[in-house]
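# Structural characterization, general
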Amino acid sequence: MQIAPPVSPQPCAGTRFARIADARGFTFIEIMVVVAILAILAALVVPRIVGRTDDAKRTAAKVQIRNIEGALQLYKLDNGVYPTTEQGLKALVEKPTVGTIPKNWKAGGYLPKLPLDPWSTPYKYISPSQKGDFEVISYGADGEQGGEGKNADITNWNLDKD
């Protein structure tokens, strides 16, 4: 009687062993081609996105100033006057306790909270202003009065300037 030699396991089609044996990874060249394509796309797209951050912040400041203007208009409709410089924009969130106390101040306020400008600085408020009834100001990226470009001041009087 002859004994058959031990049989080594052969992968059968459709089994887990066959799938592992057939699996093939990416070659180094294929990976480098993909990386090169991604680098070219990044070189074209990133400069366009990065340069827009300052523009987006200036636009956000303009939108916030318009919202503050709207709240100030509602305050005046209810109370007949704008908050004074001393009362500040805080009068839109809490009933003022200094200066002329408004008689018809809306419960809950005119804004849920005072926004900071996109550079995390409080807006400046002047009333009356040399330019009119009031002025809402963001000093831009540098936080200093004046400046040009991204450092230029944004006020409710120059929202459509640039």
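Residues numbered from 1 in each chain as written. Predicted model: local features only at pLDDT ≥ 70, side-chain atom pairs only at ≥ 80, totals over all residues. Heavy atoms only, no water.

Moving on: the pattern of salt bridges. Using the criterion set out here, one finds 1 salt bridge in the structure. Across the pair Glu94 and Lys90 runs a salt bridge whose closest N-O atoms are separated by 3.6 Å. Classification of Glu94 as partly exposed rests on a relative accessible area of 43%. Relative accessible area serves as the criterion here: at 48%, Lys90 is assigned to the partly exposed category. (Salt bridge = Lys/Arg side-chain N within 4 Å of Asp/Glu carboxyl O. Buried < 20%, exposed > 50% of the residue type's maximum accessible area, 1.4 Å probe, protein only.)

Moving on to the packing of aromatic side chains. Both the distance between ring centres and the angle between the ring planes are used here to describe each pair of aromatic rings. Evaluation of the coordinates by the stated rule reveals 4 aromatic pairs. Pairing Trp105 with Tyr110 gives two aromatic rings, centres 6.1 Å apart and planes at 85°, and the pair type is edge-to-face. Among the aromatic side chains, those forming a connected cluster through ring pairs are Tyr75, Trp105 and Tyr110. (Phe/Tyr/Trp six-rings, centres within 6.5 Å; stacked < 30°, edge-to-face > 60°.)

A cluster of nonpolar side chains, Phe28, Ile29, Met32, Val33, Val34, Ile37, Leu38 and Leu41, forms an exposed patch at the surface whose accessible area comes to about 810 Å². Relative to the helices and strands, Phe28 is located in helix α2 (residues 28-50). A relative accessible area of 61% places Phe28 in the exposed class. (Patch = residues over 30% accessible without salt bridge, like charges linked within 9 Å, V, L, I, M, F, W, Y side chains within 5 Å. Areas by Shrake-Rupley, 256 points an atom, 1.4 Å probe, with all protein chains shown as cover. Helix = DSSP H or I, 4+ residues; strand = E, 2+ residues; numbered from the N terminus.)

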